[in-house]
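Summary of structural features
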Amino acid sequence: MQVGLIDWTGGYLTAEGPRGHAVTALGSSLGRRQTWELKVSQKQGEQTVVELRGHQGQALCVDPDGAVRCAQPAPEEQQGQFLLEVHPSGAWTLQQVQSRKYLESDGEDVFCISRGLTSYHMWMPQLAMHAHVVLFNPRLELYARADPELNRVWIDTEVPYLEECSFILRFRGGVYHLETSHHKFVSRSEKLVKKPSAETAFHLTLKPGCLAFLTDREGRILYPHGSRGLLRLGDDPADNKEWFVIRRCPQWVSLRTRTKRYVTVVCDSEVYAGSKKVTPMSIFHLEVNPDSKTVQLKGTNHSYLAQRERTSVVADGGCREPETCFHVQWHYGRIFLRAATSGCYLGTLPIGLVVARARHPGPSEGFGLRLANRSFLLLRGRYGYVGSAPGHAVLQCNLLEPDCIELLPCKHSIYHLQTCGKSFWSLTSEKTFETWGTVALNFCLEIRGNNLLAILAPNGYYLRGDREGALMADGEEVTGESLWEF
């Protein structure tokens, strides 16, 4: 779990300098140097022993004199271990295990010298996760779903393949606003509203593991009510029903053949490209293994596509089976899937049956890939989110808060990109982007990891985030600066 930690003055705990050794509370916003990886070591009663690691991978450590720095602690030492306690206000305290002294700040420097608890020892966590999330209730084992017709949110979905299960968690002025995929906001009343305000502002109480619940300014808690699980405020949640696990919005996709038929699971496990429309059985969770660079496709029935005897492809696989792994090639938005066990490419027979038999890819082996649960993108790169910024004529890639980029799917796996004002992205002669274009340009999306995209621009180059802040279309290959969390 990645978090930012805000002290009593509003400053962020920051790893300073090129190597990040020095630690201050001078950060004014949540950036890379203000982001800390929280690692749970062990439980001690109601408290949790944790380590905090900065963006360079070094741990937050306390010296014998109380000085705080980032370093690599010796395995037998407890310099970097803290007892984490979550207080009723949502604030955290971090007590160094060895000395029993609390991490504190004077507004600039950070140190660990006092055993008496005061307000100077309180740190308010801010979730550093990408803003596009789903909310899972572990007590009910169900996901939240926004209902745009009734303007309500229900906790009633077992598999979050619907776009209505995704939310945008916006952090503004120390409070959170929960925005639905239809760009309405959860409010203190039971209904969704069109604009954020004091009525849509909630405090987030956060625990390790991304466990959280939301409260309003009066301390009332958002939790599911009744047999249908209506999400609304109340005072007395039972059985820990107020706790949600905040997870990244998963990447659900559909695959379409050149004959405009969608790959679909029929009769429980057979796989055909026969449907002209997207159905729940033609939506798959694309899971990327970062070690083997292979992908797996899991259906809404929880089974994986697998190559079985000879050439057959069946939706009956388990996540650990090598037969469910496929190598990927991208070609202008089209995806080619090669079975890891046989080396053959997935394709379709004239009757629509999906098989793995071609040693070399041809037109029948290319699939158009569509994002099934996203009508918009929130892009975050190495330097921040993508969006428009005051004082800049071109799109920037270093923003603290994302702009919604509307997706318009077109033929041949092409997308057009729009602003919320419905104007198109336009490409300048300097390979930057303006947002008031009147002509739609063609972009190709390539999934290169779990919630990671590479985007091919109309000029044949990949979108790249420049260190100076501009979004560029000049990437000749996929690098760290041309990968985007979405």
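Residues numbered from 1 in each chain as written. Predicted model: local features only at pLDDT ≥ 70, side-chain atom pairs only at ≥ 80, totals over all residues. Heavy atoms only, no water.

1. Remarks on the overall build of the protein chain
Scanning the protein chain from terminus to terminus reveals zero helices and 47 strands. Whereas a compact globule of 486 residues would reach a radius of gyration of roughly 23 Å, the protein chain reaches 24 Å, a difference of no more than 12%. Referenced to the eigenvectors of the C-alpha coordinate spread, the extents of the protein chain come out at roughly 75 × 55 × 50 Å. In the protein chain, buried positions account for 56% of the 486 residues. Pairs at least 24 residues apart make up 49% of the contacts formed inside the protein chain by residues separated by at least 6 positions. For the protein chain, the exposed surface amounts to about 21900 Å²; the carbon and sulfur share of it is 49%. Across the protein chain, 53 positive and 52 negative side-chain charges occur, with their mean positions spaced 7 Å apart. (Helix = DSSP H or I, 4+ residues; strand = E, 2+ residues; numbered from the N terminus. Rg over C-alpha atoms; globule rule 2.2 N^0.38 Å. Buried < 20%, exposed > 50% of the residue type's maximum accessible area, 1.4 Å probe, protein only. Contact = heavy atoms within 4.5 Å. Areas by Shrake-Rupley, 256 points an atom, 1.4 Å probe, with all protein chains shown as cover. Lys, Arg positive; Asp, Glu negative; His and termini not counted. Charge placed at Lys NZ, Arg CZ, Asp CG, Glu CD.)

2. A closer look at the environment of Gly299
If you trace the backbone, Gly299 turns up in strand β27 (residues 294–299). For the pair formed by Gly299 and Tyr223, sequence separation is 76 residues and the distance between their alpha carbons is 29 Å. Among residues more than four places away in sequence, those in contact with Gly299 are Trp252, Ile283 and Phe284.

3. Some remarks on the packing of aromatic side chains
One pass over the structure, following the stated rule, counts eight aromatic pairs. A centroid spacing of 4.7 Å and a plane angle of 85° characterise the contact between Phe213 and Trp243, whose relative ring orientation is edge-to-face. With a gap of 30 residues between them, Phe213 in strand β19 (residues 211–215) and Trp243 in the loop between β21 (230–234) and β22 (244–248) connect regions that are remote in the sequence. A relative accessible area of 11% means that Trp243 is categorised as buried. Each ring, one from Trp425 and one from Phe443, has its centre 6.0 Å from the other, and the planes form 90°; the classification is edge-to-face. One end of the pair, Trp425, is in strand β41 (residues 424–427); the other, Phe443, is in the loop between β42 (433–437) and β43 (444–449), and 18 residues separate them in sequence. (Phe/Tyr/Trp six-rings, centres within 6.5 Å; stacked < 30°, edge-to-face > 60°.)

4. Quick notes on the environment of Ala340
With respect to the helices and strands, the residue Ala340 is situated in the loop between β31 (334–339) and β32 (345–348). Linking Ala340 and Cys325, residues 15 residues apart in sequence, is a C-alpha distance of 5.6 Å. Setting aside residues up to four positions removed in sequence, Ala340 forms contacts with Pro322, Cys325, Phe326 and His327.

5. Quick look at the layout of surface pockets
Estimated volume of the largest pocket: approximately 1200 Å³. Residue assignment for the lining of the largest pocket shows that the elements contributing at least two residues are β4 (36–44), β12 (124–127), β16 (167–172), β36 (380–381), β37 (384–387), β38 (396–399) and β47 (484–485). The class makeup of the residues in the lining of the largest pocket is 20 nonpolar, 13 polar and 10 charged. (1 Å grid on protein atoms, 1.4 Å probe; cavity = no way out; pocket = protein on both sides within 12 Å on 5 of 7 lines; lining within 4 Å. Points joined across faces, edges and corners; volume = space filled by probe spheres on them. Nonpolar A, V, L, I, M, F, W, Y, C, P; charged D, E, K, R; others polar.)

6. Considerations on the pairing of strand β6 (residues 59–62)
Burial of the side chains of β6 extends over both faces: Ala59 and Cys61 are buried on one face and Leu60 and Val62 on the other. Relative to strand β7 (residues 68–71), β6 runs antiparallel, the two sharing four bridges. Paired with Leu60 across the two strands is Cys70, which belongs to β7. (Pairing = 2+ DSSP bridges.)

7. A short note on the environment of Tyr143
Its place among the elements puts Tyr143 in strand β14 (residues 142–147). In this structure, the C-alpha to C-alpha distance between Tyr143 and Thr157, residues 14 residues apart in sequence, is 4.9 Å. The contacts of Tyr143, once residues within four sequence positions are left out, are Val134, Leu135, Phe136, Trp154, Ile155, Asp156, Thr157, Glu158, Pro160 and Arg247.

8. Here's the deal with the side chain of Gln96
Summarising the element assignment, Gln96 is placed in strand β9 (residues 92–96). There is a polar contact of 3.3 Å between the side chain of Gln96 and the backbone nitrogen of Gln98. Reaching out from Gln96, the side chain makes a polar contact with the backbone nitrogen of Ser99 at a distance of 2.8 Å. Once residues lying within four places of it in the same chain are set aside, the contact partners of Gln96 are Val62, Gln78, Gln79, Gln81, Phe82, Lys101 and Cys112. (Polar contact = N/O pair within 3.5 Å; in protein donor to acceptor, adjacent residues only side chain to side chain.)

9. Regarding the side chain of His285
Along the polypeptide, His285 turns up in strand β26 (residues 284–289). For His285, a relative accessible area of 16% corresponds to the buried category. In contact with His285, other than residues within four places in its own chain, are Pro250, Gln251, Trp252, Gln296, Leu297 and Lys298.

10. Some points on the pattern of salt bridges
Applying the stated criterion to the full structure yields 25 salt bridges. One salt bridge in this structure joins Arg152 and Glu190, with 3.6 Å as the shortest N-O distance. Remark: Glu190 occurs in the loop between β17 (175–180) and β18 (203–207) and Arg152 occurs in strand β15 (residues 152–157); sequence separation between them is 38 residues. On the accessibility criterion, Glu190 (32% relative accessible area) is partly exposed. In this structure, Glu179 engages Arg170 in a salt bridge whose closest nitrogen and oxygen atoms are separated by 2.5 Å. Given the relative accessible area of 5%, Glu179 is considered buried. (Salt bridge = Lys/Arg side-chain N within 4 Å of Asp/Glu carboxyl O.)

11. What about the pairing of β16?
In terms of strand pairing, strand β13 (residues 132–137) meets β16 through two bridges, oriented antiparallel. Across the sheet, His132 pairs through a bridge with Ile168, a residue of β16. Sheet analysis places β16 next to β17, joined by six bridges and oriented antiparallel. Bridged to Arg172 within β17 is Val175. Count of turn residues in the β16/β17 antiparallel hairpin: two residues, of which Gly173 carries a positive phi of about 60°.

12. Notes on unusual backbone geometry
We note that His183 has phi near 65°; this positive angle belongs to a residue other than glycine. Position of His183 among the secondary structure elements: in the loop between β17 and β18. A residue is classified by how much of its surface remains accessible, and His183, at 24% relative accessible area, is partly exposed. Of note in this structure, Lys293 is not a glycine but carries a positive phi near 60°. Relative to the assigned elements, Lys293 resides in the loop between β26 and β27.

13. What to know about the state of the cysteines
In the structure shown here, the tally under the stated rule is zero disulfides. Here Cys61 is not cross-linked by a disulfide; its sulfur's nearest cysteine counterpart is in Cys70, at 7.5 Å. (Disulfide = S-S within 2.5 Å.)

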